[in-house]
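Residues per chain are reported as follows:
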Amino acid sequence: MSKQDIVIRIGGEGGEGVISAGEILSRAAARSQFHFFTFRTYPAEIKGGLAMFQLRISRRQVLSHGSALDVLMCFNQEAFDNYWKELKPDGIVLYDPKYFTPPKAFKNKSIPLELEQISLDSSGTTRGKNIVAVGAIGEMIGIPYDTSAKLVEEIFLRKGEKVVLSNQKALKGACEYSKKAIQKIDLGEPEMSQDEHWLILSGNEALALGAISAGCRFCTGYPITPASSVLEFMARELPGFGGTVIQCEDEISAIGACLGASFAGAKAMTPTSGPGLALMTEMLNLAFMSETPIVVVDVQRSGPSTGMPTKTEQGDLRYALYGSPGECPRVVIAPASVRDCFFEMIRAFNIAEKYQVAVLVLSDQTLANRTTTVKRFDLNKIHIDNRIQPSDEDLKNDIYARYKLTDTGVSPMLIPGDPRGAFIATGLEHDEYCTPGYTPELHSTMTLKRFKKLDTLAADLENGGSQNGHYFMDIPKGAKIGIIAWGATFGPIREALEMAKETGVEIAHLHPKVLWPLPDKQIKEFISSVDKVIIPEENYLGHLSEVIKANYDVKPIQINKFEGIPFTPEELFQNIMEVG
Amino acid sequence: MAEVEAVQAEETRVDKRKATEYKTDLKPIWCPGCGDFGALTAFYNAFAEVGIDTKDVAIISGIGCSGRFGYFIKSYGFHVVHGRVLPIAMGTKVANPDLHVFGISGDGDALAIGGGHIPHMARRNLKMVYVILDNAIYGLTKGQASPTSPEVMKTGTTPTGGFEKPLDPVLLMLAYGATFVARGYTAKYKAVSDLIVKAMSHNGFAVIHAISPCPVFNKNVTFKSVSQLVEDIPEDHDITDRMKAMELALDKDKIHLGLFYQIEEPSLEDKLGLQDRYAMKIDSTARMNDLLERFQ
Ligand code: SF4
């Protein structure tokens, strides 16, 4: 059997090794010149409950976790019951007959794979159960045994030689069984060349790597799903770069500490999720008023309130844009892919520092936890912007004007410890010299100054330069329908549009990555070049849709999914064709 | 011009500075007779005595009458939102450990809205000086009950008298494990100044509870009433004895003034090894490339 790509799902009880099987399999795939894209859901329970790992493997780059399943590996009955409906007509089921056997009426091809028995026979213990799954599936799609065996060694070495050996035996047993019992799936020749360097990254890892590369050296946070892994990553790695990470008593403290660090000259960020962002609101306003650079990452999860912490939703855009008492515009950035998580994080810091503003980066649960192959970043090509500091000229004969009125709205910022002056950053309305004041003239002058920075940023974005790539736009000839979307729906949309193209329908696509300030020129161009605008979002209200409606003369058609799980390309394709 | 003179004064400074060097041109907006004036004078004097350089000072102040503190002292400062002095001070100090960081809060800022931060700052033992200016009332909002108001006190929000017991900041700090706990009274600003000088040389979280009456809105806790109750901590008090310190704080008849408690423990900066960390020469690009290797 030959296919362009296959979607494999492994399901079983949380804690049974489902997730680790998927992780090992995906790394082995990448080392065998496959591209992949993973999607996982965690059980809500701390131990137990249904866990699943989905892996889409292909020789070419894949942009989504795929639609229907080619292979469903069930560790137990529950996994089968929950997932069999998602199989393709020719999709196969692998099952462990010790735990269950699909009913007679089940039409799809089902192959027994005795996970525990194979492990026991080849290694003397049933513990290699998940490695058997890795071996059997690996053999099926053409991952060489040696590649997986090497990986098993790397992973289990810290548990001792014995564990390595026993797992390798289980792997071997599984490969041999698979050779006999399971038909191979041919995915074609590799496109990835051997000497290209590809990274295997999750969105959260890419965010953290991006932050460090941007120069972030201070990071605080409060544990919250699904953002904790950013904080943990930073806690492990940042000290090695000369930075500091502190877990705080709450999110207010976390963002407060970042503001303090930024005031003292450090590039600072705090990762959180919706409930944490809510607590940070007042500090975001202080950042705006005191013109203190800061980056806040919101890895969105399904809300409101505690909601479904392990599920996804694009539910925080309205809050990110408008959630402030008083008028406090924010720069909002939404990475669209794992690769974007790295580069948009750098953009976030560059903007925060250059314009002395708070920047919110909106990721989400699926983007955070998915892993995928990402072309290795060329660190020498990264452009870094820093805050402007006053020149000696600025400080000559005069006291330092921290909030000096300038053409760009941006004022040179002294760093405490600098002997050339002093200032008091403040959340009170103030004049150029930080002196509090409440006169009508002062408030209007300073409001204009602060807002001017956003106009400057919008103009800089439009003029390209180092800020390039803040949106994706594709308007194919003859396209009558246009999709505007944001965030992690990018991949599924690209693939849905490819499906449409195969049926002869060209569809345009605009995907702003900087959501505020909006790419005004491009939106106007886009809207005027198509007859219909469709805005698919993983939320109920249609947040981007509201923004577009409010700012442009267009009535977008909304497609909203609010189930806590992401769009698949297939369902998007169908929905788009229906409403378009 | 004052700036130029100050710079000249700095150049000719031999040992100690003049307290006036630390004054900004801004006139304090406090009501005449406000206790905070005493605290401000204490700060000027303490800074002069230490001879500290204004560029090395960062004053983080909260919201309330005391929040204006930073505007009147020549130094770097951050006038923040209500109750968040400590987190912002922490970030400032950790990012630049060379700075002398001071936190200024009122009783509401520190113990009501900001109360959740204090135990954690005590646990961290960050090297900074935290001064709680306690007038047992919300002055800026014109007279509501605060966490240190006497229980029976009638205020705008407790028209028939309060119903919550007052907190004692000294007792709390001792319980939380702060490593330097002192109490001053701004009417005795020289003593407050001495405490600030001592606190500045303490390697950890130094807290000074400074009673600072509000003659406008607090008719119960007044200079007169406080003056009758204050008494210096006995000279033979062992400042390393936490139990004794608590006993003094629990004394119902007297308000003890002075240093209750001081012990040496590693500061947050020590525990994080910030000095070594910031002294490292790091090739970030090379290091990042190494890190990326791990994801291949
Ligand atoms: S209201 Fe009270 S605390 Fe505030 S400035 Fe006036 S006297 Fe001082």
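Within each chain, residues carry numbers counting from 1 in the order of the written sequence. Labels follow written order: the first chain is A, the first ligand is 1, and so on. Local features in this predicted model are restricted to residues whose pLDDT is 70 or higher, and side-chain atom pairs enter the listing and the counts only when it is 80 or higher, whereas totals over whole chains, interfaces and linings include all residues. As a rule here, side-chain values come from all non-hydrogen atoms in the structure, and water together with hydrogens is ignored.

What follows is about the overall build of chain A. Each helix and strand in chain A was counted, giving 19 helices and 21 strands. Values of the radius of gyration come from C-alpha atoms, whereas the globule rule sets the reference at 2.2 Å times the count of residues to the power 0.38. What you see for chain A is a C-alpha radius of gyration of 26 Å, in line with the 25 Å of a compact globule of 580 residues. Overall, the C-alpha framework of chain A stretches about 85 × 60 × 45 Å when taken along its three principal axes. Remark: exposure states derive from per-residue accessible area (1.4 Å probe, protein chains only) relative to the maximum for the residue type, with buried under 20%, exposed over 50%, and partly exposed in between. Buried positions account for 62% of the 580 residues belonging to chain A. For chain A, restricting intrachain contacts to residue pairs at least 6 apart in sequence, the fraction spanning at least 24 positions comes to 72%. A distance of 5 Å separates the average location of the 60 positive side-chain charges in chain A from that of its 72 negative side-chain charges. A run of H or I in DSSP becomes a helix once it reaches four residues, and a run of E becomes a strand once it reaches two; helices and strands are each numbered from the N terminus. Two residues qualify as a contact provided that any one of their heavy atoms is within 4.5 Å of a heavy atom in the partner residue. A positive count includes Lys and Arg, and a negative count includes Asp and Glu. His and the chain ends are not counted in either. Each charge is placed at NZ for Lys, CZ for Arg, CG for Asp and CD for Glu.

A separate point is empty space enclosed by the protein. Residue and element names in this part refer to chain B. Cavity: a set of points on a 1 Å grid over the protein atoms alone where a 1.4 Å probe fits but cannot get out. Pocket: an open set with protein on both sides within 12 Å along at least five of seven lines, its lining residues, like those of a cavity, having an atom within 4 Å of a point. Grid points are joined across faces, edges and corners, and a volume is the space filled by probe spheres set on the points. Scanning the model with the defined rule gives five cavities of 30 Å³ or more in all. Size it by volume and the largest cavity reaches roughly 60 Å³. Along its surface, the largest cavity is lined by K93, H100, V101, F102, K127, M128, V129, A199, M200 and H202. For this classification, Asp, Glu, Lys and Arg are treated as charged, while Ala, Val, Leu, Ile, Met, Phe, Trp, Tyr, Cys and Pro are nonpolar and the rest, including Gly, are polar. Looking at side-chain class alone, the lining of the largest cavity contains six nonpolar, two polar and two charged residues.

If a strand is regular, its side chains alternate between the two faces of the sheet. Residues and elements named next belong to chain A. Here strand β13 (residues 358–364) lies mainly inside the structure; seven of its seven residues are buried. The alternating pattern of β13 places A358, L360, L362 and D364 on one face and V359, V361 and S363 on the opposite face, and all of these are buried. Inspection of the sheet shows strand β11 (residues 294–300) paired to β13 by seven bridges, in the parallel sense. Looking across to β13, one finds that V296 is bridged to L360. Bridge analysis of strand β12 (residues 331–333) against β13 gives three bridges, and the strand direction is parallel. Considered in β13, the bridge of V332 is made with L360. Note on pairing: DSSP must find at least two bridges between two strands before they are called paired.

For the rest of this paragraph, the subject is the site of the ligand. Neighbouring the ligand are the residues W30, C31, C34, C65, N135, G139, C214, P215, V216 and F217 of chain B. Of the residues in the shell around the ligand, the class split is eight nonpolar, two polar and no charged. A single heavy atom is enough: if one lies within 4 Å of a molecule or strand, its residue is considered near that molecule or strand.

Taken together, the contact between chain A and chain B spans 63 residues of the former and 48 residues of the latter. At the boundary of chain A with chain B, total buried surface from both sides reaches about 4,500 Å², with 66% on carbon and sulfur atoms. Only one rule defines a salt bridge in this text: a Lys or Arg side-chain nitrogen within 4 Å of an Asp or Glu carboxyl oxygen. At the boundary of chain A with chain B, the tally comes to three salt bridges. Whenever two N or O atoms come within 3.5 Å, that pair is a polar contact, provided that in protein one can donate a hydrogen and the other can accept it, and provided that, for residues adjacent in sequence, both atoms are side-chain atoms. Inspection of the chain A/chain B interface yields 23 residue pairs in polar contact (both at pLDDT 80 or more). Counting residues per element, the ones that place at least two in the side of chain A that touches chain B are β7 (198–202), α7 (203–214), β8 (216–221), α8 (228–237), β9 (244–247), α9 (251–263), α10 (274–290) and β15 (424–426) of chain A. Ranked by residue count, the leading element in the side of chain A that touches chain B is α9 of chain A, at eight residues. Here the side of chain A that touches chain B is composed, by residue class, of 36 nonpolar, 18 polar and nine charged. By the bridge criterion, three bridges tie β15 of chain A to strand β2 (residues 76–79) of chain B in an arrangement that is parallel. What sits directly across from T426 of chain A, in β2 of chain B, is H79 of chain B. Defined here as a combined quantity, buried area equals the accessible surface (1.4 Å probe) lost by two parts on assembly, summed across both.

This brings us to the domain arrangement of chain A. Residue ranges assigned to each domain were obtained from an automatic or database domain assignment. Here the domain parsing of chain A yields domain 1 (5–181), domain 2 (200–381), domain 3 (396–463) and domain 4 (471–579). One C-alpha centre belongs to domain 1 of chain A, the other to domain 3 of chain A, and the line joining them spans 58 Å.

Quick look at the pattern of salt bridges now. Residue and element names in this part refer to chain A. Taken as a whole and judged by the stated rule, the model has 36 salt bridges over all chains. K449 is the salt-bridge partner of E291, the closest N and O atoms lying 2.9 Å from each other. Of the two residues, E291 sits in the loop between α10 and β11 while K449 sits in helix α15 (residues 440–462), which places them 158 residues apart along the sequence. For E291, a relative accessible area of 0% translates into the label buried. Note on K449: relative accessible area 3%, which makes it buried. Here D394 and K404 are joined by a salt bridge, their closest N and O atoms 3.6 Å apart. Taken together, the positions of D394 in helix α14 (residues 392–395) and K404 in the loop between α14 and β15 put the pair ten residues apart, joining distant regions of the chain. Assessed through its relative accessible area of 31%, K404 is described here as partly exposed.

The biggest cluster of nonpolar side chains holds 132 residues, and the ones touching the most others in it are F47 and Y130 of chain B. Here, nonpolar core refers to any group of buried Ala, Val, Leu, Ile, Met, Phe, Trp, Tyr and Cys residues whose side-chain atoms link them within 4.5 Å. Residues C216, V331, Y355 and I382 of chain A belong to the second largest nonpolar core, which totals 55 residues.

A residue counts toward a patch only above 30% relative accessible area and without a salt bridge, and it is joined to like-charged neighbours within 9 Å or, for Val, Leu, Ile, Met, Phe, Trp and Tyr, to nonpolar neighbours within 5 Å. Areas reported here follow the Shrake-Rupley algorithm with a probe of radius 1.4 Å; residue values treat only the protein chains shown as occluding. On the surface, E231, D232, E235 and D236 of chain B cluster together into a negatively charged patch. Within the fold, E235 of chain B resides in the loop between β7 (230–232) and α9 (242–250).

What describes a pair of aromatic rings is the distance from one ring centre to the other and the angle between the planes of the rings. Under the pairing criterion, centres of Phe, Tyr and Trp rings, with the six-membered ring standing for Trp, must be within 6.5 Å; the plane angle then separates stacked pairs below 30 degrees from edge-to-face pairs above 60, leaving the rest tilted. Evaluation of the coordinates by the stated rule reveals 26 aromatic pairs over all chains. Between the aromatic rings of Y400 of chain A and F423 of chain A, the centroid separation amounts to 5.8 Å while the plane-to-plane angle is 70°, which identifies the pairing as edge-to-face. Note that Y400 of chain A is positioned in the loop between α14 and β15 and F423 of chain A in the loop between α14 and β15, a separation of 23 residues in sequence. Accessibility expressed as a relative area gives 7% for Y400 of chain A, which makes it buried. Each ring, one from Y22 of chain B and one from F47 of chain B, has its centre 5.6 Å from the other, and the planes form 70°; the classification is edge-to-face. Here Y22 of chain B, found in the loop between α1 (2–12) and α2 (36–50), pairs with F47 of chain B, found in helix α2; they are 25 residues apart in sequence, far enough to count as distant. Relative accessible area serves as the criterion here: at 0%, F47 of chain B is assigned to the buried category. Either the NZ atom of lysine or the CZ atom of arginine qualifies as a charge over a ring when it sits within 6 Å of the ring centre and within 35 degrees of the ring normal. The aromatic ring of Y83 of chain A is capped on one face by R9 of chain A, whose charged end is 4.7 Å from the ring centroid. Between K172 of chain A and the ring centre of Y145 of chain A, over which it is positioned, the NZ or CZ distance is 4.2 Å.

Before going further, it helps to spend a moment on the sheet that holds strand β17 (residues 481–484) of chain A. Residues and elements named next belong to chain A. With mixed pairing, the five strands of this open sheet are ordered in space as β16-β18-β17-β20-β21. One side of each edge strand has no neighbouring strand; the edge strands of this open sheet are β16 (471–474) and β21 (557–560). Neighbour to neighbour, the strand axes of the sheet diverge by 20° on average, direction disregarded. Looking at chain direction, β16 and strand β18 (residues 507–512) are connected through four bridges and run antiparallel. For F472, the partnering residue across the bridge sits in β18 and is H511. Across the sheet, helix α16 (residues 490–502) lies against β16, β17, β18 and β20 (532–537), angled at about 170° from β18, the strand it touches most. Interaxial angles span 0 to 180 degrees and are taken between N-to-C directions of axes, which are lines fitted to C-alpha atoms, for helices over the stretch in contact.

All names here are of chain B. Split into domains, chain B comes out as domain 1 (2–265) and domain 2 (266–296). Placing a centre on the C-alpha atoms of domain 1 and another on those of domain 2 gives a separation of 35 Å. Contacts between the two partners involve twelve residues from domain 1, matched on the other side by eight residues from domain 2. Taken together, the two surfaces of domain 1 and domain 2 that pack against each other cover about 760 Å², and 59% of this comes from carbon and sulfur. Our count for the domain 1 to domain 2 interface comes out at zero salt bridges. At the boundary of domain 1 with domain 2, the tally comes to ten residue pairs in polar contact (both at pLDDT 80 or more). Only α3 (85–95) and α5 (118–124) provide two or more residues apiece to the side of domain 1 that touches domain 2. Counting residues per element, the side of domain 1 that touches domain 2 draws most heavily on α3, which supplies three residues. Considering only residue class, the side of domain 1 that touches domain 2 consists of four nonpolar, three polar and five charged.

Attention now moves to the side chain of T155 of chain B. Residues and elements named next belong to chain B. Note on placement: T155 falls in the loop between β4 (128–134) and α6 (169–176). Among the residues examined, T155 registers a relative accessible area of 11% and is labelled buried. A distance of 2.7 Å separates a polar atom in the side chain of T155 from a polar atom in the side chain of T158. Residues in contact with T155, not counting those within four places in the same chain, are I137, G143, Q144 and A145.

Residue and element names in this part refer to chain A. Close contact between α9 and α10 brings their axes to 8 Å; oriented N to C, the two are set at 30°. Regarding the angle of α9 to α10, the classification is roughly parallel. α9 and α10 meet at a crossing whose hand is right-handed. Counted together, E251, I252, I255, G256 and L259 of α9 and G276, L279, M280, M283, L284, L286 and A287 of α10 form the full contact between these two elements. Tallied by class, the residues present in the contact of α9 with α10 amount to nine nonpolar, two polar and one charged. Here roughly perpendicular refers to angles of 65 to 115 degrees, roughly parallel to angles under 35, roughly antiparallel to angles over 145, and oblique to all remaining angles. In a left-handed crossing the near helix is turned counterclockwise from the far helix by less than a right angle, and in a right-handed crossing that turn is clockwise.

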